[in-house]
Structure formats: C-alpha cells, structure tokens
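Architecture at a glance
Now for the letters of each chain:
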Amino acid sequence: MRRCLLLLLWLFFLLPAFSQQAKQYAFTHYSTANGLVSNTVYSIVQDKQGYIWMATIDGLQRFDGKRFITFRHSSTNPHSIPSDFVPQLNIDKDGNLWLYTGNKIGFFNPHTFLFTAVPVEDEDPSNPYNITFYGNAYNGYMVLHARNVGFFLYDPALKKFKRTISFKTPENKRLYGITNINETEFWISIDGGIIVYNLKTGNLNYRGHNPDNNIYIHAVKNDTAGAGFFANVNDTLWYNSWPLVSWAPFIHKQSLKTGAKETYSINRQFSFGYTEIGGNLFQQNGRKWFYGRSFIAEYTGNKQAPFQLIQNAYTGDQSITFDHVYKMMEDRQHNIWIATDNGVFIFNPDMQVFDVHKVQRPTDAQPHEAPVSEACELKNGNILISTWGNGLYYYDNNFNPISMPQGLQELTRNYMMWCLHEHSKTGLIWMGFQGGGLGIYDAEKKKFEMLNEKAFSGSTIRKVAEDKFGNLWFGLQSGSIVKWNMGAANGDFHKGYEIIDGRKGYYIQKMYTGKNGAIWVGYLNGGLSKYDATTNKLLFHYSKNNLNNEGLWSNNVNDIYAFNDSLLLIANDALDILNLNTNKITHISTETGLPSNTVVSIEADDKGILWLGMANQLCRFNLSKKIFSTFDRKDGITYDLFVPAGDYKLKDGRLLFLTDKNFVVFNPLSVVSAHLPDKVLITNFKTGNRYLSIDSLNSLHAITLQYNNTFFSIEFSALNFTPQNKLNYYYMLEGIDKAYHPASSLNEAVYNYLPAGNYTFKVKAENTEGRETATTELHIKVVPPFWLSWWFFGLIILLVFAVFYWIDKERIKKIQALQKVRTQIARNLHNDVNTTLNHISLLSEMARIKADKDLDMSKDFIEQINTKSRSMIDGMNDMMWTLNPENDSMEKTILRMKEYAEALQNTYPVQIQMGVDETVRLLKTDMKLRHEIFLIFKNILRCIAEAGNSTAPTLINIDYHNRKILLKIYNATTSFKNTDAEQTIQQIHERAGVLNAELDIQTDKGVSLILLAPVHQQ
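Everything in this summary refers to the structure shown in the same document. (Residues numbered from 1 in each chain as written. Predicted model: local features only at pLDDT ≥ 70, side-chain atom pairs only at ≥ 80, totals over all residues. Heavy atoms only, no water.)

1. Observations regarding the overall build of the protein
Put simply, the test is: The helix count covers DSSP runs of H or I at least four residues long, the strand count covers runs of E at least two residues long, and both are numbered beginning at the N terminus. A radius of gyration in this sense is built from C-alpha atoms; the matching globule rule multiplies 2.2 Å by the number of residues raised to 0.38. For each residue, the accessible area found with a 1.4 Å probe, counting protein chains only, is set against the maximum for its type, and the residue is called buried under 20%, exposed over 50%, and partly exposed in between. Method for areas: the Shrake-Rupley scheme with a 1.4 Å probe, in which residue coverage is limited to the protein chains shown. Positive: Lys, Arg. Negative: Asp, Glu. His and the chain ends are not part of the count. All charge positions are set by atom: Lys at NZ, Arg at CZ, Asp at CG, Glu at CD.
Broken down by element type, the protein carries 13 helices and 69 strands. Against the 2.2 N^0.38 benchmark of 31 Å for 1018 residues, the protein shows a C-alpha radius of gyration of 54 Å, more extended than a compact globule. In terms of overall dimensions, the protein has C-alpha extents of about 195 × 100 × 40 Å along its principal axes. Counting across all 1018 residues of the protein, residues that qualify as buried make up 50%. Per element, the accessible surface of the protein, about 49,100 Å² overall, is 50% carbon and sulfur. Taken together, the 100 basic and 98 acidic charged side chains of the protein have centroids lying 3 Å from each other.

Here it is, written out as structure tokens:
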C-alpha cells in the first residue's frame, strides 16, 4: 500500500514535467539551400557594426540578414584565411575576428577582409604549437594555451604572443578543456579536478595549492571528475561534471557564499539515455539555456521539471531539427543564434507573441486540428470555442482546456456550430447550428435547450448580433434575417421571432451593431445592408455599382467594424472605409499599400491599431500613419489562412483570430516595437556583374562610375534579425527621384541608367510605430564621356574660336593675296602701258620726221603705232576683265578663252579646235592662276595666228590631272621666224615660272606647248 502511494505521488510530481517536455518556438533556418556554404557551423559572433559572422567547416561567412559573403583560403592570396576549416571565432576590442586554423593563429579584419597571422614566442614554424585554447584577455586582446608549453598573451605593441607562464598537464592526467572565467582567470579542467590560472598574478591554483585563495577552488574541492565552467551569476557558480555514474553528465548550481548546491541531470529528466552537454547561453534578461548533443533546454527553476526542452523534430518550416549544437549566441537584439550540424537557426524567445492553439479537451491526449467558427469570452472569464463538425470546446483565460460546464457535455460531440453569443441582459448563451438549430444555455440553471424555430426555415444560423435594446439579430445562410424581439417575447426565448428580410441567394457572413445602434449585415457577394434597429426597415444597401459607381470595392463583405462614430470599416477582399457622415467610400488596396487584397476579418486593439486577417498572413495597420506590417509563419503563426469574420477581442485586450484548423491568440501590445531601428547600412553595391567592397567604398567621398557603366544595384539593411520587429525601408536617389520609394522585401534599389552628374542615394528605415532611423547617404558621381565633359566643351569652344580665327586669317590672306595679284597686274599693266606709250611716242616722232622724206617708212611707223595701241588696249581689256569679281571662276576664264579663239579665227586664216574637261570648269582657283594661264593661251595662239603659214588646225585641250591643270596646244605646220615670236615664247616661260608650272614648247616641227600648272583650290 505504501509503495502504491509513493508511486502515485511520484506520478503526481512527474506529470508537470511530461506536460512541459517540449516547447516549440518559431525558428528561421539558414542552410546551404539559402546561402550557407556548409551546414556544419561551429561558431557565431556579431561584430561592432552588427554583421553576423559564422565559422564553418568550409570557410568564414558574413551575413547581413539577406546575403552571405564567403571567405576561403586562396593559395595566391597571402592575406586569405589559412584554411577553410574554421572551428572558433572571437572578437577583440578593436573589432578584429580571431581564428586558429591551418596551424596558424591570427586576426581577420572585418573591414578590409584581410587575415594577419600572429607569431607565438619561441614557436618553431616547422613544428608549430598545438593550440588547445584561445579566448579574450584582460587587455582586450587574446590569450592562448599551447599544449604542454604554457599560456601566451597577445602584445599589440610587439604584434606577437608573449609567454606568461609555462604549464604542462600533470602526468596521467587528461586535459578536457580550458574556459574563460573572466578576462583574468581561466578554468582548466583535468582528471581529478580543476586548475584556475590567474593571468595577472601568474599563479596556478588547484586543490592543495591555492596561493590566490581562489573561490572556485574552494567551491569544487570535492569534485574529482573533470568539471567544465559555465558562469558565475550573482555569486552563483554554474558548472558541469561527468563522473562515471548513472545519469551523468550533471549540471551544478552552487552558491559561492553559502555553499548550497543543486545538481541536475538532463538525461534523467528527459530519459535521453546518452547525451553530451556542449555549452550554455545565459541571456542578458536572465534566461538560461543549455545545449549539446541532440538537445536544447531552458532552465526554469521548477523543482519537479527544472528544464524545458525545445522540440527537436521537423514539424514545419519554422521548426528545428539537429544532431549536435555547437554554439548558441545572443545578438544585440536578443535573438538567439544556434550553430548546428544542420545549419543555423535563429529565434527570439521573448518575441514569440503569437500563441497558436489547436482545439483540445481535458480528456484529449493531444490537441488536434478543427475548423474553428467562433469564440466567446464569458462573464466568468472562461472562453467557449465553437467548431464546424467538432462541437464545442471550453478553456480558462490562459487557454488551458477545462471540463465542459454541466449541461453542455452533449455539445462535445460532432456538432456543426457556427456562432456564439452571451446575452448582455439575461446571461444566456445563444448558439447557431447547421440546419437552423438554435441552442440556448442557461449557466445558472446549468440547462441547455435546442430549438428549431419555424422562422429559421431550416437554414443554417451563421451569425448573431445584439442591438442596443437587447434584441438578437440572426443572419442565415439563406440570406434571411430573423430577429428575436426581447420586449415582445417578454424575455422568453421560446417566442418573439420575426423575419425581417426573407430574401434569398446571398448567405450572411457578418451581423454587426454599429456605434449609433444601426444593424449592419454583410453578405457573400451580396454587398452591405444597413437596418434601423427600432423600425426594422432597410435604410440603405451598398454595393459595388451604386453611389454613382463609387461604391464598394467588391460585394463580398467578409467582416464589419466601427472604427469610430464616423467611420465604418468593411473587409471585402480589400479594405473599404465608409464615411457615415458623407456616405463616401475610400478603398485601401494593394495600390495604396495593402499587402494583399484578401482581407477577411477586422479587429482593433486598445490603441486603435487595426489587425486584418488575410489569406496567409495577419496584417497590422496603423490607419492614421498608413503603416502596414505583416506577420505570417515566419513569426510563429504556424497556419495563417484566416476565416471570414473570424476575430474576437478579449476583455484584457488580447485578440483571437480563427482559421479553419486552429486559432491564434496574442497580445497586440507585445508586438509593438519601441526600439528605434539601428541606422541603415549599405551592405552591397553591385555594378554590372561586379560587387564593390562597401567597407572600402565607405571611406571614399563618392563612388565614381563611368558613363557607360551606370547599371547598378544597392543593397541595404538595418541588420535587424528579429522577424517580429517589422521594418519598412524607403530610398531615393537625389537628382533622379522626386520622393522616397518603399523598398521590396529584397531591401534593394536598382537603377538602370544615370546621365552624367552628381547624385546622393538616401535610405532610411521605419518601424511599426512610424519611428524613423537617421538617413544613410551614399554619394555617386557619374563621369560623362569625354565629349560631354567641361574640358571637352572648353576645347571645342577654343577650337571654334581657332577655326574662326584661321578662317578670318585665311580670308585676310586671300584678300591680301588678291590685292597683291591685282597690284602686280596693275603694275604690269602700268609698265606695259608706259612702255607701249613710249614706243608710240617714239614711233610717232619718227613717222613725223619721215613723213616728208620717206612716206612708206612713215606708214610703217604708223602701222606699228596702230599695232602697239591695239595691243595696249587688248592688254588693258584683259586686265580689267581679270580684275572684275564677276569673272572669279574657271568657267568664265574658259569662256573668255573660247571667245578669244573665235575672234582670232575671224581675223586670221586659222582653224582652232578646243576641248575642255568638265572638271576644269568646276575648279575654284585663284586669280593669278587664271590670269597667267589665259595670257599664256592668248600669246601662243596670237603668235600662231600672226605667223600666217599654218595649213593645219590648231588643237587645244585643257584637262585636270593629279591636282594640276594640263594645257596642250599643237599646230603641225606653223613655224616661228620673227623675233616677236621669240620674245613671246620668252614671256610665256616667265609666266610659267610665276605659276611654278612645268612648261615644254617645241617650234622646230610645228608648234607644241604643254603646260602643267599646280592648282590650289579655294
């Protein structure tokens, strides 16, 4: 009998332990599937900027919340990490990451991404020390232990490790490990006990030798098994030991003041059989976690069940599963990072605000899924939950299942229930059932009664609402509305039912009493109706197509909520806001920031913040600030397909949202983030296919891009790793954008093309309360192509001025050259006229003398005078023709040459045949060339004509070849016998010399002239 009693007592105390055996949180999992380089992660740290660094079996990685950057060993880079295998990470006071890998110890600069190996005093590089431990020291840097050599402290001045004490493990003793007690003392675990090394005093303290009077040596003097140090919290020592006894290893909690000691066995509590304790994490808020092989457990302090186990099994995307936990780390947002052999998991135990409940009765072994239809908090604080097909469930205020009240046990069967309501006047509980059944429960009499009133016509009672007079309005699946008139029935629920609206076709999804007492009815695809609670008359019906086509977003009204006396909110896929004073409707949809046009339920918390149930998410909406935040499975809502009008507000402010499998309970005030987000960091800058080092770019005044390389993307993050701390990011590029743009979930801004100029990229974050971070800026300069640069424009301007100057100079030169030619021509004319007039004067005088004596000679002189005069007149005509600007073309010169040839044929018995290449006519030559060629042409033809002995035609050809005018004149029979012809030929040679022309004249067999004159076109 006594044994049975003891067994019952043991079971009584053990039941709480079994009921708390596994706690499920919502975890975010990172693996090789989404960026990890390896699923085996040994260590995790957070640097001063907030980046997360992970030591893996295949390299070192940095994580910014969106993107991983991997660092591996490279044989061509002496500053890469020595090996891809990184088992441990530590951070010193300068922010450098210390790692020991590839038989080298050193630090990795998180800004430059360079590794620096650090030498150890007296170490032979060919035979390096076996470093068994390194950790943080009192000088802010590292201390290390080399097996059987001693301890070494990093000296930043010498940039090497200096030996502080020699230490060898005693013979026949096994060294289990070394742990930092603090930055001065180190706990050395060996067979037979512990040794505490004090870095400052240089003393080794152990049982029987305690020169520093070390308190830890006193505390564990009776522990002979190897013991590992966990922490000293408020003079309470936490450590573990593994003696060769059952249920080992053990966790010990011992007061350093009183010596009181408690010993725990995780193996024994959870019946593991075998496990290993790998380490601990004591959070800043005091929560204590222990981890190791196949387990993570939180210390609760409960005598019967001191540890709460985290469920280690795959139950969904937000679950955790692993074989070994290597490290747990708390970041500055109090998230816990777990390094395992199955990747990295992150959760925040204090931010798990959404409690998901499957339905359960006290007699159920396990909770189970069911389509939840309604919730109702009773006056006693307990809660009724109705389901479709699983009957009724009863909970206390903490949602622990409790026994159904007397009289309601029948409803634990598979009843199809739709609605619940506790009447404010009578305290009766009204229930709507499938098929038109109406249930009423009297809690005082503990009596339940099922009615089948004729007014319901067998139609499912889907919703119920109580008006300000205590009357109940029932909405049916048929679309009819039935009212129980409390006054007419004199409080008797057996009578007083009347049909208010018997229309068919649209079943009712919501019945709601507005703040002004009106009854609002929402229909599936039938719009929204407003009834007068006193007269029962339909006051107005709202649909998509009325109000001049400015009606509802859709006719599918899922839920209704009175935000205040003036605004009525309507969940009809989008969110409509009906202004009751103006009868105007405003749509809130995805076009105006709503995350999804799938709103099915609405409730407001005590601060007036709206909570919207949607398909696959729950949305928090600050109506005044127009801020949306979404919560889904990543936030611990394991199933998030919410049902129409499935919401309920408890008296203490907690909210319930119902799904077709379970229900979600949470305190909305716990979701509010009072934490001001950290300043947003630029985490990545990508141009083309090349990533630029942001840490290097941050030191520059501006990023410079070439004009043909302005496609770039910028990634940014506030390094917020808590999913429940919802942040919205906004960015703009000054010079391109006129306002801030909301960022996508990728936290990325992409720009395809930027014209040359200077720009400033700005980004900021905003939390759910509208609090903004300081603006982060990044200056960007786009260098223009050289033909758009200022110096090129300056060069062009200078070149234009130079061209204009050159053109003007050439114009002046041409004017001067033309003037020079004209002056030369005028001078030649003056000389010719002067010579000719002198000859005429001389011949006139001689003719006068000979007139009386020799008449024939006098006539000859007069003839010469005539010839000279005519020649002078011709020369003057030629000169005046040449000087005339109207004749400044080769075509006019060719025409004059032809006119002269025709005049000769009319005066002398000669035949002249002339051919001219069309190219010659189009040449633009200077006056001098045209004048000299014409005179050469004229003089040789005149000589041929005056010779008078030609029987053959004179052939003339003018051509253009190799930028030269080619003049050919040939007569086969003419011969020159007088001195005038010889003088003319001499003049022709002089004129050819003036033109730098090539000239060939033959007169022995006829007359042949070939002239090649170079052409300088204008």
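2. Here we look at the sheet that holds strand β29 (residues 355-357)
Note the following rule: Pairing between two strands is assigned when DSSP locates at least 2 bridges connecting them. As a rule, the C-alpha atoms of each element are fitted with a line to give its axis, helices using only the stretch in contact, and angles between N-to-C directions run from 0 to 180 degrees.
With antiparallel pairing, 4 strands are arranged side by side in an open sheet as β29-β55-β54-β53. Two strands bound the open sheet, and with one partner strand each, they are β29 and β53 (642-649). If you compare each strand with its neighbour and ignore which way they point, the axes differ by 20° on average. Bridge count between β53 and strand β54 (residues 655-659): 4 bridges; the pairing is antiparallel. Across the sheet, K649 pairs through a bridge with L655, a residue of β54.

3. Focus on the pairing of strand β16 (residues 193-198)
The buried fraction of β16 is high, at 6 of 6 residues. Between strand β15 (residues 185-190) and β16, which pair antiparallel one after the other, the connecting turn spans 2 residues, and G192 there sits at a positive phi close to 95°. Across 3 bridges, β16 lies against strand β17 (residues 204-206) in antiparallel orientation. Residue pairing in the sheet places V196 in a bridge with N205 of β17.

4. A few points about the packing of aromatic side chains
Heads up, the condition is: Each Phe, Tyr or Trp ring, with Trp reduced to its six-membered ring, pairs with another whose centre is within 6.5 Å; inter-plane angles below 30 degrees give stacked pairs, above 60 give edge-to-face pairs, and intermediate values give tilted ones.
Enumeration according to the criterion identifies 75 aromatic pairs in this entry. Look at W430 and F474: their rings are 6.0 Å apart centre to centre, the planes differ by 45°, and that puts the pair in the tilted class. Note that W430 is positioned in strand β34 (residues 429-433) and F474 in strand β38 (residues 472-476), a separation of 44 residues in sequence. Judged by its relative accessible area of 1%, F474 is buried. Considering the side-chain rings of F456 and Y497, the 5.8 Å spacing of their centres and the 65° angle between planes classify their relative orientation as edge-to-face.

5. A word on the nonpolar core
Going by this rule: Residues enter a nonpolar core if they are buried and are Ala, Val, Leu, Ile, Met, Phe, Trp, Tyr or Cys, with the set joined through side-chain atoms within 4.5 Å. Contacts are assigned to residue pairs that have any heavy atoms within 4.5 Å of one another.
Core analysis: the biggest nonpolar cluster contains 47 residues, and W53, M54, F108, F161 and W337 have the highest contact counts within it. If near-sequence neighbours (up to four positions away) are discounted, F108 is found in contact with W53, L60, F71, I81, N96, L97, L99, F113, L114 and F115. Residues F934, F937, F976 and I988 belong to the second largest nonpolar core, which totals 41 residues.

6. Some words on the pattern of salt bridges
Rule in force here: Between Lys or Arg on one side and Asp or Glu on the other, a salt bridge is scored when a side-chain nitrogen of the former is within 4 Å of a carboxyl oxygen of the latter.
In the structure shown here, the tally under the stated rule is 26 salt bridges. A salt bridge links K257 to D235; the nearest nitrogen and oxygen atoms lie 3.6 Å apart. Separated by 22 residues along the polypeptide, K257 in the loop between β20 (250-255) and β21 (261-264) and D235 in the loop between β18 (227-233) and β19 (236-241) bring together distant segments of the chain. Residue classification places K257 among the exposed positions, given a relative accessible area of 69%.

7. Comments concerning the packing of helix α10 (residues 890-907) against helix α12 (residues 927-947)
Operational definition: The labels follow the angle: roughly parallel below 35 degrees, roughly antiparallel above 145, roughly perpendicular from 65 to 115, and oblique for the rest. Crossing handedness is defined as follows: a turn of the near helix away from the far one that is anticlockwise and smaller than a right angle gives a left-handed crossing, while the clockwise case is right-handed. Residues are grouped as follows: nonpolar covers Ala, Val, Leu, Ile, Met, Phe, Trp, Tyr, Cys and Pro; charged covers Asp, Glu, Lys and Arg; every other residue, Gly included, is treated as polar.
Where α10 contacts α12, the axes come no closer than 11 Å and their chain directions differ by 10°. The orientation of α10 with respect to α12, classified from their angle, is roughly parallel. With respect to the hand of their crossing, α10 and α12 are arranged in right-handed fashion. Residue-level contacts link M890, T893, R896, M897, Y900, A901 and L904 of α10 to R930, F934, F937, K938, L941, R942 and A945 of α12. For the contact of α10 with α12, the per-class residue count stands at 9 nonpolar, 1 polar and 4 charged.

8. Description of α10
As a reminder of what qualifies: Expected span of a helix, by definition, is 1.5 Å for each gap between consecutive residues, and there is one gap fewer than residues. What the arc describes is the spread of directions from the helix axis to the C-beta atoms.
In a regular helix each residue adds 1.5 Å, so 18 residues correspond to 26 Å; α10 covers 26 Å between its end C-alpha atoms and thus fits that length. Among all positions in α10, only M890, T893, I894, R896, M897, Y900, A901 and L904 are buried. The arc enclosing the buried residues of α10, seen along the axis, measures out at 160°, which places them on a common side.

9. Description of the side chain of E466
Stated precisely, the cut-off is as follows: The term polar contact refers here to a pair of N or O atoms within 3.5 Å; inside protein, the definition further demands a hydrogen-donor-capable atom paired with an acceptor-capable atom, and it admits residues adjacent in sequence only when both atoms are side-chain atoms.
Assignment of secondary structure puts E466 in strand β37 (residues 461-466). Salt bridges are absent for the buried E466, whose nearest opposite-charge side chain, K425, sits at 5.6 Å. Only 2.7 Å separates the side chain of E466 from the side chain of H421, close enough to count as a polar contact. At 2.3 Å, the side chain of E466 forms a polar contact with the side chain of S424.

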